[in-house]
Amino acid sequence: MIRLREFQLELLNMLKEIDKILKAENIPYFLVGGSVLGAIRHKGFIPWDDDIDIGLYRKDFEKMEKILQEKLPSNLMYCKIGENKIPNAPIGYLYNISNPEIRLEKTETIDIFAIDNVPENKILKKIQAIFSSIYHLCIYRTPAKNRGKKAYWFTKLILDLFPDFLLNFLQKLSKKVITYWNKKETKNICNIFGMKKYYKEIMPKSYIGCPVLKEFEGHLFPVPEQWDKYLTHLYGDYMKLPPKELQNPHHKDFK
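These figures come from a predicted structure and were not determined experimentally. (Residues numbered from 1 in each chain as written. Predicted model: local features only at pLDDT ≥ 70, side-chain atom pairs only at ≥ 80, totals over all residues. Heavy atoms only, no water.)

*Asks:* Quick rundown of the overall build of the chain? Include the residues and the values.
*Replies:* Secondary structure summary: the chain contains nine helices and nine strands in total. Projected onto the principal axes, the alpha-carbon positions of the chain cover approximately 50 × 45 × 40 Å. The buried share of the chain, taken over its 255 residues, is 48%. Considering only contacts within the chain whose residues lie at least 6 apart along the sequence, 64% involve residues at least 24 apart. In the form shown here, the chain has an accessible surface area of approximately 13900 Å², with 56% of it arising from carbon and sulfur atoms. With 41 positive and 31 negative side-chain charges, the chain shows a spacing of 6 Å between the two charge centroids. (Helix = DSSP H or I, 4+ residues; strand = E, 2+ residues; numbered from the N terminus. Buried < 20%, exposed > 50% of the residue type's maximum accessible area, 1.4 Å probe, protein only. Contact = heavy atoms within 4.5 Å. Areas by Shrake-Rupley, 256 points an atom, 1.4 Å probe, with all protein chains shown as cover. Lys, Arg positive; Asp, Glu negative; His and termini not counted. Charge placed at Lys NZ, Arg CZ, Asp CG, Glu CD.)

As structure tokens, then:
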């Protein structure tokens, strides 16, 4: 088993590579979630963290998906939304493939999230949330996990009854719905497929704003402009460490 710190340093190298590519292409991005928390609280990785999360506004995310695969060095592989063979979330994944003997689910991974505008109206929010679940289901076509027995059996029933052509149609339709508000100016944005789920991830657009540079493992990377409000919104008292029993890697096994 690889040591966690070695794993983190390899992730850092991957982040530096994607930072270089996106800067050269004038595509803005920023750390999100636990990576922002690590930058502010630890000036680097949360000591027990085992991945990196970055985000891009939807229009920038679409640009990134078009150019990233052809710009990466041979030791890295980018999977566009829907191309990832490991069902998790409809986001982008950057993998370290330098060692072909290590399976993708065990290798270093950067999660790449699209940030979307959110409607003001409560009913329209509910519609966006519902269609985001439909989109997730149509992308991976596996029953919902960790959302209770009702959700599991409901999604399994849909997958059993709906033919592929209908699921393909629903996939295209649901993406159009969840991204519709990007055509408009809205007060709030959302990392729809973020760790905290739809409603908790909704926040004022000004929290991300124009990202600013903060230290992360001795390097400067962009984080949300109002990072204090961003972190408070997601984590509450974010400077307080969780209990010892929760200070463990979430995705991989380490020595």
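*Asks:* Got a sec to walk through the nonpolar core? Specific residues and values, please.
*Replies:* By size, the foremost hydrophobic cluster in this structure holds 65 residues, and its most contacted members are Leu15, Leu31 and Ile112. It is helix α1 (residues 4-24) that contributes the most residues to this core, eight residues altogether. Here Leu31 is in contact with Leu15, Val36, Ala39, Ile52, Asp53, Ile54, Phe216, Phe221, Pro222, Val223 and Pro224, once residues within four sequence places are set aside. Membership of the second largest hydrophobic core comes to six residues, among which are Cys138, Ile158, Leu167 and Leu170. (Core = buried A, V, L, I, M, F, W, Y, C linked by side-chain atoms within 4.5 Å.)

*Asks:* So what about the pattern of salt bridges? Which residues, and what values?
*Replies:* Applying the stated criterion across every chain, the model contains 11 salt bridges. Ionic pairing is found between Glu217 and Arg5, a salt bridge with its closest N-O pair at 2.8 Å. Placement of the pair is Glu217 in the loop between β8 (212-216) and β9 (219-223) and Arg5 in helix α1, with a sequence separation of 212 residues. You can call Arg5 partly exposed: its relative accessible area is 38%. (Salt bridge = Lys/Arg side-chain N within 4 Å of Asp/Glu carboxyl O.)

*Asks:* Got a sec to walk through a positive patch on the surface? Specific residues and values, please.
*Replies:* Taken together, the side chains of Lys172, Lys176, Lys183 and Lys184 make up a positively charged region of the molecular surface. Mapped onto the secondary structure, Lys172 falls in helix α6 (residues 164-179). Since its relative accessible area comes to 62%, Lys172 is described here as exposed. (Patch = residues over 30% accessible without salt bridge, like charges linked within 9 Å, V, L, I, M, F, W, Y side chains within 5 Å.)

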